[in-house]
Structures are given as C-alpha cells and as structure tokens.
Amino acid sequence: MKAVRLHSIGDIRCDEIDIPVPHGEELLIKVGACGVCGSDLPRTFEHGTSSGIYPLTIGHEFAGEVVAVGEKADSSLIGAKGAVFPLIPCRKCDPCTVGKYVMCEKYDYLGSRSDGGFAEYCLLPSEWHLIRAKSAPMELLAMTEPACVAQHAVRRAKITAGQFAVIFGAGPIGIMAARWARIFGAEPLLVDIVAEKVEFAKSKGLNAINSREEDLIAAIKSLNNGRLADAAIEGTGSGKALISCVECVRGGGCIALLGNPMGNSELPLKIHSTILRKELEINGVWNSSRAPYPVDEWAYTVKMMDEGRFEAADLITDRPTHEELPQVLKELKDGTRRSVKVMCI
Ligand SMILES: [Zn+2]
Ligand SMILES: [Zn+2]
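We now turn to the structure provided with this report. Given the structure is predicted, the values throughout are model-derived calculations rather than measurements. (Residues numbered from 1 in each chain as written. Chains lettered and ligands numbered in written order. Predicted model: local features only at pLDDT ≥ 70, side-chain atom pairs only at ≥ 80, totals over all residues.)

### Some remarks on the environment of alanine 68
Item 1. Mapped onto the secondary structure, alanine 68 falls in strand β5 (residues 61-69).
Item 2. Judged by the 19 C-beta atoms lying within 10 Å of it, alanine 68 falls in the partly exposed class.
Item 3. Between the C-alpha atoms of alanine 68 and glutamate 297, which are 229 residues apart in sequence, the distance is 27 Å.
Item 4. Once residues lying within four places of it in the same chain are set aside, the contact partners of alanine 68 are Pro22, Leu28 and Ile78. (Helix = DSSP H or I, 4+ residues; strand = E, 2+ residues; numbered from the N terminus. Buried ≥ 20, exposed ≤ 12 C-beta atoms within 10 Å, placed from the backbone. Contact = placed C-beta atoms within 7 Å.)

Set out below in structure tokens:
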C-alpha cells in the first residue's frame, strides 16, 4: 500500500509498504480520505513526531471502511464505515477515569505518535475508535475531527440561542465554528486579516470582516442592535486577537481560547483590568469530547453529517493523491499554495 511517511524532520515521502494485519481487537480500515491539519506542517518540518518513532505515517483527520478485523473483534464490523477518533487514551489516569480522554496523561495518537491516515490502510486499536456513519460521504466524515474541535469551542464559549458571537480566524475551523454557532441558534461574525479568507467566508453566507480595514466594534454594534458581543472565540493564537476579544465582549460575557499561542502575547495592563471590570469568563479549549457526558461531540457530529445538517466538505479546495501529498505539504509550508482545506484521497 501507499503510505506518506515522515522519515526525519523535513524528510517526508510516499512509500510502498505492506498492508498491516489486525490482531486482537484491532480493525483494519481502508482509508477513504484524510485531511491536512495545520499541526501537520510543524510536525513535518519543525519538531517531528511526538513519539520519536520514524518512519511514521502522519495524518489524523480521517475516515474509512472496515475491511478486516482481529481475532477478538466483531467480524460483523466488516463493511462498516465511519470517522476515526485518533486519540488512544490510557484509560487508567485520573482524567481518563472521568472521561476527559483528551487530557490523558499517557496517550498514544494515530498520525503523530503511531501510524495514521495518510495511507491506503490503517489499523485502529479497537471498535471504539470508529464512529459509525450511515450515509455521510468519506470526505465529509474526514472533517469530523476539526468539526468537533470547532463545536467544542462553541460550547466552551457558552454560545447559546439568541446570542451574538465573534470568531477570530476565518479558516476551516472558524467557518465550522460559525456554522455550529448558527445551529445552536446564535449569530456569528468572523474576523480575519487575510482578504481571501474574509471573502471565502462571505461566499459561504457568513458575516465576515477584515479587521485591518474595518472597525470591529462598529461592525459588531451594527449587526447586534448597538450592543457588544455576548461571546468570542479566539481561533488564531495571536495576542492581538485576544486583546480584541476582551474589547468586543460585553460585561459578563465569555471568551474561549482555541488558537495555539504564537508570537508575542503579553497582555496590556488596560486589557488585564478590563477583564476584571467586565467580569469576563475565559475558558481554554483543548480538542473535543468523546465521552458520553455531557455530550459525545463525535457521535453528535457524525449524526448531523449523516442527516445532512452539518456541511463541511465544501471547504475542501485541494485533493492531492498520496504521491502528490509530500510536495503539497512543502508548498503549504512555503506559502506558495493557498488552500482552505486539503484532503488527501
Ligand atoms: Zn487536527
Ligand atoms: Zn489516561
């Protein structure tokens, strides 16, 4: 089979290797599609795999169909398709015992620590890692992981029906967060400083502004009956956007911090003080929830996709093959390729 593997930092190749054989509870899936995550670029070109294992097949946003199972797995699963939950929790540490698997203290991960989805086939540790779907297409199911992160951010920002929310960062996760906000009954405004991203969001029927060209507070007030926003999601990792969040949310409002911090994020005293005066609630966002309570965001997302109520495949702008993917990753890193979502098929 073809597998796009990282051999060392910066050395990414499409290799021909043997199809793995499932044992025990493992499932072998034929990968239907696997998306490129923003984190795949620093993983490939800056810091390498988290496990130090090379060569390693990267890619963690994927979906597929079961084609073989281990001796202890249910053979009726052959033919089942669905989205893959790539995190492998230890199930023993304190966070695991209360279902906070994404905070596991000793986890494994398909696509960053173990072989992942940029291959024709992939082994899943057990049935639990496959969120079964009925009719949703593979490309859409491969968007489940970022869709769940976007949904989790909306929940962490406590966005609820009737509210107005500002989302910083109009990339795929920002657009999906805006879609969840609408599903939850709120009206979102996307903010970015890249003109093409703002235009793309507008072409999807969303409110979007370029904060380098337009006054953010004035835009919020004109869309929200003269009021500030009820909630904000910081999805860029920039300190400037965090400052804007504090300024654009009303007293008692909520801010969810989703973007990985980058650059200089020192907080000016005035902003620090505004957080106090407004009694703002600030919540971190880490991944998404795969536990049954309060909501299994993975099961809900796949259900919404199956019912045609959550769309995301329209964000896919590039569809490289396995052979083309190493070159596409280089172009994304160099900035010579501008994409919204890249899906390896
Ligand atoms: Zn990802
Ligand atoms: Zn654990």
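### Details of helix α6 (residues 195-203)
Item 1. For α6, every residue scored as buried is listed here: Lys197, Val198, Phe200 and Ala201. The buried side chains of α6 occupy one side of the element, clustering within an arc of 160° when seen end-on. Opposite its buried face, α6 presents the exposed residues Ala195, Glu196 and Ser203, each directed more than 90 degrees away.
Item 2. In this structure, the buried residues of α6 make contact with α5 (172-183), β12 (187-192) and β13 (207-210).
Item 3. Positive phi appears at glycine 205, one or two residues downstream of α6, with a value of about 80°. (Arc of directions from axis to C-beta.)

### Some remarks on the sheet that holds β13
Item 1. The strand order across the open sheet formed by six strands is β13-β12-β11-β14-β15-β16, and the pairing between neighbours is parallel. Sheet topology places β13 and β16 (281-284) at the edges, where each strand pairs with a single neighbour. Strand-to-strand twist across the sheet, computed as the mean angle between neighbouring axes with direction ignored, equals 20°.
Item 2. Pairing of strand β14 (residues 229-234) with strand β15 (residues 249-257), which is carried by five bridges, proceeds in the parallel orientation. Paired with alanine 229 across the strands is valine 249, a residue of β15.
Item 3. Each of β11 (164-168), β12 and β14 touches α5; the most contacted strand, β12, lies at about 165° to it. (Pairing = 2+ DSSP bridges. Axes fitted to C-alpha atoms, helices over the stretch in contact; angles between N-to-C directions.)

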